[in-house]
Amino acid sequence: MKGADVAAVELGLDTFGDITVDDSGERVSGAQAIRNLIAQATLADQVGVDFIGVGEHHRAEYSVSSPEIVLAAIAAQTERIRVGTAVTVLSSDDPVRVYERFATLSAISNGRAEVILGRGSFTESFPLFGFTLADYEALFEERLELFSLLRSEKPVTWQGSTRAALTDADVFPKTEGGIRAWVGVGGSPESVIRTARYGYGLMLAIIGGPAARFRPYVDLYHRAIGELGTGAQPIGIHSPGHIADTDEQAWEEAYPGFEAQNNSIGRERGWPAYSRLRFQQEVGPGGSIYAGSPETVARKIADTITTLGAGRFDLKYANGTLGHDKLMRSVELYGTRVIPLVRDMLGE
């Protein structure tokens, strides 16, 4: 990957607004976590990061349930960084309102807004907003189809089984250049083909095992785009990690947060207790955690981009309880050290 291709690769950051701990080990409030997140995003803009993604959740471990509001605050304090979600849970939302919110965010940010749509790996939003999990597939399929029509910014006529029909419905405000949109995919062929059918970018969430195992999905996406004639769209990667000055420092800082996060979710899902061995396996070349020194993380990101032919890599830099000061340092190193190193490595 050389020349213009290297320049076109985007390197971003993602966060769910995890509830972290302060210097005394006490959990910070959700309000403070949100303020910290905005500070982290502002720093990311200053150090040259291309994108900041904020995820939507409705549970105690995370502070952000309305990412567009947080993104609007970020957009007002930044100049160049693209702002978007990671992800918007479209299944339990209304596509019309989602489009209106992102069109508004696009205006605030001077066209820097984008959206990553997903079904959501957590299901708290379904009962919270009056939906049933029995409609899990139908909700996402229909809402994704409707959102695709709304992207034309022309009057829409649509009918489905999960919301009221629309007849020549026009949506405002209009944007000045459309909204870039992706679908977050965890790794099913059906999801890859659906993403291609509706003409979205493919954002692969790789949170376990080697990135190379997702190559068949990339190839399937390219074939589906070609056969369906929906036009070339970008491929992105979302994976967790943490950066510090040395490998050992990054691992020691990151592990407690990964342990707390995995054990909290694992108690609900029947997972075994998280271990240092599992963490170190994922940190290694065959794993999906990008934790270490700038040089170590940059090499792993460059290898993943090359293996999958991706146009974007988003590092989920906030994981569990890791404190704000360490997150700020990770963001700083990502922008000032990792991004230039990745670009150099891709141009080799």
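As a reminder, the structure under discussion sits directly above these lines.
The structure displayed is predicted, hence computed values, not measured ones. (Residues numbered from 1 in each chain as written. Predicted model: local features only at pLDDT ≥ 70, side-chain atom pairs only at ≥ 80, totals over all residues. Heavy atoms only, no water.)

Attention shifts here to the overall build of the chain. On a plain count of helices and strands, the chain comes out with 12 helices and 12 strands. The globule rule puts the C-alpha radius of gyration for 348 residues at 20 Å, and the 19 Å found for the chain is close to it. Structurally, the chain occupies a C-alpha span of about 60 × 45 × 40 Å along its principal axes. Residues counted as buried form 54% of the 348 residues belonging to the chain. Looking at the chain as shown, the accessible area adds up to about 14300 Å², and 53% of this sits on carbon and sulfur atoms. Taken together, the 33 basic and 45 acidic charged side chains of the chain have centroids lying 2 Å from each other. (Helix = DSSP H or I, 4+ residues; strand = E, 2+ residues; numbered from the N terminus. Rg over C-alpha atoms; globule rule 2.2 N^0.38 Å. Buried < 20%, exposed > 50% of the residue type's maximum accessible area, 1.4 Å probe, protein only. Areas by Shrake-Rupley, 256 points an atom, 1.4 Å probe, with all protein chains shown as cover. Lys, Arg positive; Asp, Glu negative; His and termini not counted. Charge placed at Lys NZ, Arg CZ, Asp CG, Glu CD.)

This part covers the packing of helix α7 (residues 189-197) against helix α8 (residues 215-228). At their nearest, the axes of α7 and α8 sit 9 Å apart, and the two run at 35° to each other. Here α7 and α8 pass one another in a crossing that is right-handed. In contact with P189, V192, I193, T195, A196 and R197 of α7, α8 contributes Y217, L220, Y221, A224, I225 and L228. Residue composition of the contact of α7 with α8, by class: 10 nonpolar, one polar and one charged. (Axes fitted to C-alpha atoms, helices over the stretch in contact; angles between N-to-C directions. Left-handed = near helix turned anticlockwise from the far one by under 90°. Contact = heavy atoms within 4.5 Å. Nonpolar A, V, L, I, M, F, W, Y, C, P; charged D, E, K, R; others polar.)

Moving on to helix α12 (residues 324-346). Its 23 residues give α12 an end-to-end C-alpha distance of 31 Å, which sits within 8% of 33 Å, the value for a rise of 1.5 Å per residue. Within α12, the full set of buried residues consists of L327, S330, V331, L333, Y334, G335, V338, I339, V342, M345 and L346. (Expected span 1.5 Å × (residues − 1).)

Approximately 1100 Å³ is the volume attributed to the largest pocket. Taken together, 49 residues line the largest pocket, and the ones lying closest to its centre are F16, S121, A205, I207 and H238. Elements represented by at least two residues in the lining of the largest pocket include exactly β5 (113-118), α6 (136-150), β8 (180-185), α7, β9 (201-205), β10 (235-243), α9 (247-269) and α10 (276-283). The element that contributes the greatest number of residues to the lining of the largest pocket is α9, accounting for five residues. Each residue belonging to the lining of the largest pocket can be placed in one class, and the counts come to 22 nonpolar, 17 polar and 10 charged. Considered as a void within the structure, the second largest pocket measures approximately 230 Å³ in volume. Across the lining of the second largest pocket, the residue classes tally to six nonpolar, six polar and three charged. (1 Å grid on protein atoms, 1.4 Å probe; cavity = no way out; pocket = protein on both sides within 12 Å on 5 of 7 lines; lining within 4 Å. Points joined across faces, edges and corners; volume = space filled by probe spheres on them.)

Core analysis: the largest hydrophobic core is formed by 83 residues, its most contacted members being I74, I301 and Y334. Other than its neighbours up to four places away in sequence, I74 contacts L37, I38, A41, I52, V54 and V83. Judged by nonpolar contacts, the second largest core, of eight residues, contains Y255, F258, Y274 and V283. (Core = buried A, V, L, I, M, F, W, Y, C linked by side-chain atoms within 4.5 Å.)

With that settled, the discussion passes to the environment of V21. Structurally, the position occupied by V21 is in the loop between β1 (10-15) and α2 (30-46). You can call V21 partly exposed: its relative accessible area is 24%. A sequence separation of 253 residues divides V21 from Y274, and the C-alpha atoms of the two residues are 19 Å apart. Other than its neighbours up to four places away in sequence, V21 contacts E26, R27, V28, T321 and G323.

Below, the discussion takes up the packing of aromatic side chains. Applying the stated criterion across every chain, the model contains nine aromatic pairs. By the ring-pair criterion, three or more aromatic residues cluster together here, those being Y255, F258, Y274 and F279. Between the NZ or CZ atom of R276 and the centre of the ring of Y255, over which it lies, the distance is 4.2 Å. The lysine or arginine in question, K300, covers the ring of Y290, its NZ or CZ lying 4.9 Å from the ring centre. (Phe/Tyr/Trp six-rings, centres within 6.5 Å; stacked < 30°, edge-to-face > 60°. Lys NZ or Arg CZ within 6 Å of the ring centre and 35° of its normal.)

Okay, unusual backbone geometry next. Residues A86 and V87 are joined by a peptide bond in cis, for which omega reads 10°. If you trace the backbone, V87 turns up in the loop between β3 (82-85) and β4 (88-89). Notably, N110 is not glycine yet its phi reads approximately 60°, a positive angle. Its location among the elements puts N110 in the loop between α4 (95-108) and β5.

Over its 17 residues, α2 runs 25 Å from end to end, which matches the ideal 24 Å to within 8%, given 1.5 Å per residue. Taken together, the buried positions of α2 are A33, N36, L37, I38, Q40, A41, T42, L43, A44 and D45. G48 sits one or two residues past α2 and shows a positive phi near 95°.

Turning to the pairing of β5, a few remarks are in order. The buried fraction of β5 amounts to six of the six residues, a majority that puts the element mostly inside the structure. Residues A113, V115 and L117 line one face of β5 and the alternating positions E114, I116 and G118 line the opposite face, and both faces are buried. Here β3 pairs with β5 via two bridges, running parallel. Its bridge partner being in β5, G84 is matched across the sheet by E114. In terms of strand pairing, β4 meets β5 through two bridges, oriented parallel. (Pairing = 2+ DSSP bridges.)

A few words on the packing of α4 against α6. The geometry of α4 relative to α6 is characterised by a closest axis approach of 9 Å and an angle of 45° between their N-to-C directions. One finds that α4 runs oblique with respect to α6. For the crossing formed where α4 meets α6, the hand is right-handed. For the pair α4 and α6, contact is made by P95, V96, V98 and Y99 and by R143, L146, F147 and L150, respectively. Here the residues of the contact of α4 with α6 sort into seven nonpolar, no polar and one charged. (Parallel < 35°, antiparallel > 145°, perpendicular 65-115°, else oblique.)

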